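The chain contents come next:
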Amino acid sequence: PLFWSLAWDNRRILMPASTLEYFTDELQDTDKTWLLANAKFDKHMLANRGIHLRGTLYDTQVMHALLYEEESHRLKDMARSILGWKWSDFNTTFKIKRGESIGDSLLRCYETDPRVLIEYASNDAFGTLEIYRKLRDELKREATYSLFPELYRTMWDLFEQIEAPFTNTLWHCERNGIRIDQQYLSTRQSPVEAELASVEKEINQLA
């Protein structure tokens, strides 16, 4: 990454990626809570620089998917539908020239009109924070229909206890790969197909 943005309370900032090393202790603090949109991607970007983001991770895309499964979970789409925000797309904002890479266009903007880059990128961080606040309240109001109501009374309980920790599990799978027992899976194909056929038949009879 060339730049990174951070938001807290009602503040937002943009910094060059070279400053990340000064925040290593905070980013790797297990007591911290981080609010991210597409958390696994950010963890990969930081890991590529030798920084392993630790602490509690709340991914607003996952939160949004629990409530609005059929809608787009892109940050700007969430900001538009939840916050009523709208800002121009990347290409329009940075006026990428023919043959110019994205990185080059960002650096050119930073050198010629840094306010445009700061406003655009820091809005990503602040928007994520505001979206988190809204979705958190919605999840806490939304009841679940769980077999274990004492554990998962609201959708927030479900998110916090299951979905949020699973983000790290998926990240480790992406980062390290997974082993698959192909021989075992091949033995399960026929029984699973037979069960699916039986369930389909039962559904048709009920219908």
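Everything that follows concerns the structure shown earlier in this document.
Computed from a predicted structure; not experimentally measured.

Draft legend 1. Layout of the pairing of strand E2 (residues 11-16). The pairing of strand E1 (residues 3-8) with E2 spans 6 bridges and is antiparallel. When the bridges of E2 are listed, Leu-6 appears paired with Ile-13. Between E1 and E2, which pair antiparallel and follow one another directly, the connecting turn spans 2 residues, one of which, Asp-9, has a positive phi of 50 degrees.

Draft legend 2. Quick look at the nonpolar core. The biggest cluster of nonpolar side chains holds 25 residues, and the ones touching the most others in it are Met-63, Leu-117, Ile-131, Trp-156 and Phe-159. If you tally residues by element for this core, the top one is helix H7 (residues 114-141), at 7 residues. Sequence-distant contacts of Phe-159, that is, excluding residues within four places in its chain, are made with Tyr-58, Asp-59, Val-62, Met-63, Leu-66, Leu-139, Ala-164 and Pro-165. Formed by 12 residues, the second largest nonpolar core is a distinct cluster that contains Trp-4, Leu-20, Trp-34 and Leu-57.

Draft legend 3. Inspection of the pattern of salt bridges at higher detail. The full count for this structure, using the stated rule, is 10 salt bridges. Residue Glu-174 pairs with Lys-40 through a salt bridge whose shortest N-O separation is 3.0 Å. Here Lys-40 lies in helix H2 (residues 39-47) and Glu-174 lies in helix H8 (residues 155-176), a separation of 134 residues in the sequence. Note that Asp-124 and Lys-76 form a salt bridge whose closest N and O atoms lie 3.4 Å from each other. Here Lys-76 lies in helix H4 (residues 75-83) and Asp-124 lies in helix H7, a separation of 48 residues in the sequence. Judged by its relative accessible area of 22%, Asp-124 falls in the partly exposed class. The structure contains a network of salt bridges with shared partners spanning Arg-74, Asp-77 and Arg-80.

Quick notes on the rules
Residues numbered from 1 in each chain as written. Predicted model: local features only at pLDDT ≥ 70, side-chain atom pairs only at ≥ 80, totals over all residues. Heavy atoms only, no water. Pairing = 2+ DSSP bridges. Helix = DSSP H or I, 4+ residues; strand = E, 2+ residues; numbered from the N terminus. Core = buried A, V, L, I, M, F, W, Y, C linked by side-chain atoms within 4.5 Å. Buried < 20%, exposed > 50% of the residue type's maximum accessible area, 1.4 Å probe, protein only. Contact = heavy atoms within 4.5 Å. Salt bridge = Lys/Arg side-chain N within 4 Å of Asp/Glu carboxyl O.

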